[in-house]
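Structural features, examined
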Amino acid sequence: MEHVASLIYTRGACPSVELESHVDINCINDGGVFVPVLPLLESPVEQSRKVLISLGKQRDNEEMSPLLPIEDINKFLSEQCRSLNSALKKLEDSFPPSSAQTLISAAEASLVLLSHHIGSIAEHYCNGVGYIEEMLRSQLVSAIGKEIQSEDFTEFILFHNRKLFKNEFAPKPFCHAIRRPE
């Protein structure tokens, strides 16, 4: 069945099906809602800004940050609010009001939409962090020239310890078994 018939409680006891008010639950999705979580970084270029009023002393590294300016972040968030309000308005038009005593009303549809949107935000965040980690990893591998393993790191530390310390002062490897007295 393409549509779900809404259930109305008659006399507070058992639900009855009202076939006249079909609602399409497939319209509850967050496909049109903007997700403001993106792995965007800008090249750090010094920006010359004309300031009429100083709001306080800025740190030197603030203008050279690869992060997006706060104005762009606010534009992303306002687009998210606009598209979310638009999607919620469509749900209010598609579903009966919560006072109609139906199984699926605009309030439940809104909760489902918001739950889907929260899941999308979390998924975009995980994907963004994964993208940045992979980017950093590939840069590190290209800078070193190979993928290093734990044995390579151990060899590196031992080599530099031999260069830094005289033999009598070099750290000695140790391993102690920790057991309870019997």
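**Description of the overall build of the protein**
Summing up its helical and strand segments, the protein has three helices and two strands in all. Each helix and strand of the protein, placed in order from N terminus to C terminus, yields the pattern β-β-α-α-α. In the protein, the proportion of contacts linking residues at least 24 apart, taken out of those at least 6 apart, comes to 55%. Of the roughly 15200 Å² that the protein leaves accessible, carbon and sulfur atoms contribute 59%.

**Notes on helix 1 (residues 70–94)**
What sets the pattern is the α-helix's 3.6 residues per turn: residues three or four places apart point alike. The end-to-end C-alpha distance of helix 1, which contains 25 residues, comes to 36 Å, matching closely the 36 Å that a straight helix rising 1.5 Å per residue would cover. Here helix 1 has its buried residues at Q80, S83, L84, A87, L88 and L91. Against the buried residues of helix 1 lie helix 2 (106–144).

**Some points on the side chain of S120**
Its place among the elements puts S120 in helix 2. Looking at S120, the relative accessible area reads 14%, which means it is buried. Apart from the residues within four sequence positions on either side, S120 is in contact with D30 and V35.

**Remarks on a nonpolar patch on the surface**
Together, I70, I73 and L77 make up an exposed nonpolar region whose accessible area comes to about 240 Å². Considering the arrangement of structural elements, one finds L77 in helix 1. By relative accessible area, L77 is classed as partly exposed at 38%.

**Section: the packing of helix 1 against helix 2**
Following both chains from N to C, one finds helix 1 and helix 2 inclined at 150°, their axes separated by 9 Å at the closest point. Between helix 1 and helix 2, the angle is such that the two are roughly antiparallel. Note on packing geometry: the crossing formed by helix 1 with helix 2 is right-handed. On helix 2, the residues that touch Q80, L84, A87, L88, L91 and E92 of helix 1 are A106, A109, S110, L113, L114, H117 and I121.

**A short note on the nonpolar core**
Membership of the largest hydrophobic core is limited to ten residues, which are I28, V33, L84, A87, L88, L91, F95, A106, A109 and L113. At four residues, helix 1 tops the list of elements feeding residues into this core. Other than its neighbours up to four places away in sequence, L88 contacts S110 and L113.

**Quick word on helix 2**
With 39 residues, helix 2 extends 57 Å from end C-alpha to end C-alpha; this agrees with the ideal 57 Å at 1.5 Å per step. Restricting attention to buried positions, one finds in helix 2 the residues A106, A109, S110, L113, H117, S120 and G128. Lining the buried residues of helix 2 we find helix 1. Within two residues after helix 2, G145 carries a phi angle of roughly 105°, on the positive side.

**Quick look at the pattern of salt bridges**
Evaluated as defined, the whole model comprises five salt bridges. As a salt-bridge pair, D152 and K146 come within 3.7 Å of each other at their nearest N and O atoms. One network of salt bridges, with partners in common, ties together E134, R137 and E147.

**Quick notes on the side chain of S110**
Mapped onto the elements, S110 comes out in helix 2. Residues within four places of S110 in sequence aside, it is in contact with L88 and L91.

Cut-offs and rules
- Residues numbered from 1 in each chain as written.
- Predicted model: local features only at pLDDT ≥ 70, side-chain atom pairs only at ≥ 80, totals over all residues.
- Heavy atoms only, no water.
- Helix = DSSP H or I, 4+ residues; strand = E, 2+ residues; numbered from the N terminus.
- Contact = heavy atoms within 4.5 Å.
- Areas by Shrake-Rupley, 256 points an atom, 1.4 Å probe, with all protein chains shown as cover.
- Expected span 1.5 Å × (residues − 1).
- Buried < 20%, exposed > 50% of the residue type's maximum accessible area, 1.4 Å probe, protein only.
- Patch = residues over 30% accessible without salt bridge, like charges linked within 9 Å, V, L, I, M, F, W, Y side chains within 5 Å.
- Salt bridge = Lys/Arg side-chain N within 4 Å of Asp/Glu carboxyl O.
- Axes fitted to C-alpha atoms, helices over the stretch in contact; angles between N-to-C directions.
- Parallel < 35°, antiparallel > 145°, perpendicular 65-115°, else oblique.
- Left-handed = near helix turned anticlockwise from the far one by under 90°.
- Core = buried A, V, L, I, M, F, W, Y, C linked by side-chain atoms within 4.5 Å.

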